[in-house]
Amino acid sequence: MSTFISNIPIWVLPLFIVLFIVGLRASKDRSVPILLIYLLPLLGLLTLRNINSLAPPIWLWAFAAVTYSSGIAIGMQLQHGWIVARNAQFAKVKGEWTTMTAMMIVFAAGFVNGFLSATMPALTQTAVFLTGFVAINCLASGQFLGRAFTTLRTPVSQS
């Protein structure tokens, strides 16, 4: 067990804490800086990094594009129900647990990918693992971009 813990990169715990705090805040009605909504899709970079580390076959990238696009559509739909108002710098949004769930999925998937790549690399090359891993990751991370698109398209109120 100590070997397992000692092999975890130092940046993993601070990243987990930041994501957890942001997720908890998302469960309450709040005003969110527009910049934060626009930066959350960068979690998709973690997804790309995780997929690329699996040395994926070319078909998997096409599958990733389709599931990421589906995640965008889901995020756009969800954000319509959550956004209350928007001004130039902030969006007033309803509390929800999807943000926490999606961030923890992306985080945990990266963690599981690293663990399985080190301990059971043959498993990470099976079609079942690859498609499941990509679908879960891309749906979770894609919804952040959909939410950013919806926020961008929401009319800015003058008050």
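The shown structure was predicted, so the numbers you read here are calculated from the model rather than taken from an experiment.

Each value, and the rule that gives it
Residues numbered from 1 in each chain as written. Predicted model: local features only at pLDDT ≥ 70, side-chain atom pairs only at ≥ 80, totals over all residues. Heavy atoms only, no water. Helix = DSSP H or I, 4+ residues; strand = E, 2+ residues; numbered from the N terminus. Buried < 20%, exposed > 50% of the residue type's maximum accessible area, 1.4 Å probe, protein only. Contact = heavy atoms within 4.5 Å. Areas by Shrake-Rupley, 256 points an atom, 1.4 Å probe, with all protein chains shown as cover. Pairing = 2+ DSSP bridges. Axes fitted to C-alpha atoms, helices over the stretch in contact; angles between N-to-C directions. Patch = residues over 30% accessible without salt bridge, like charges linked within 9 Å, V, L, I, M, F, W, Y side chains within 5 Å. Salt bridge = Lys/Arg side-chain N within 4 Å of Asp/Glu carboxyl O. Expected span 1.5 Å × (residues − 1).

Draft legend 1. Seen up close, the overall build of the chain. Helices and strands together make up the secondary structure of the chain, namely 7 helices and 3 strands. When the helices and strands of the chain are read in sequence order from the N terminus, they spell out α-α-β-α-α-α-β-β-α-α. Along the first, second and third principal axes, the C-alpha set of the chain runs to 55 × 35 × 20 Å. Taking all 159 residues of the chain together, the buried fraction comes to 38%. Across the chain, the fraction of contacts at a sequence separation of at least 24, relative to all contacts at a separation of at least 6, is 85%. Accessible area of the chain: about 8,900 Å², with a carbon and sulfur share of 73%.

Draft legend 2. Expanded view of the pairing of strand β1 (residues 30–33). What you see with β1 is a clean split: Arg30 and Val32 sit on the buried side and Ser31 and Pro33 on the side with no burial. Relative to strand β3 (residues 90–93), β1 runs antiparallel, the two being bridged by 4 bridges. In the strand pairing of β3, Pro33 is matched with Phe90.

Draft legend 3. Inspection of the sheet that holds strand β2 (residues 83–86) at higher detail. Read from one edge of the open sheet, 3 strands run β1-β3-β2, paired in antiparallel fashion. One side of each edge strand has no neighbouring strand; the edge strands of this open sheet are β1 and β2. Each strand axis lies, on average, 30 degrees off the axis of its neighbour in the sheet, ignoring direction.

Draft legend 4. Representation of a nonpolar patch on the surface. A contiguous nonpolar patch, built from Leu13, Phe16, Ile17, Phe20, Ile21, Leu24 and Trp97 and spanning about 650 Å² of accessible area, is present on the exposed surface. The topology assignment puts Phe20 in helix α2 (residues 12–26).

Draft legend 5. Region of the structure containing the side chain of Gln143. One can find Gln143 in helix α7 (residues 127–153). Gln143 has contacts with Gly71, Ile72, Gly75, Leu78, Thr98 and Ala102, leaving out every residue within four places of it along the chain.

Draft legend 6. Quick look at helix α6 (residues 98–119). Compared with the 32 Å implied by 1.5 Å per residue over 22 residues, the 31 Å span of α6 between its first and last C-alpha is a close match. Looking at the buried residues of α6, the elements they touch are α2, α4 (43–52) and α7.

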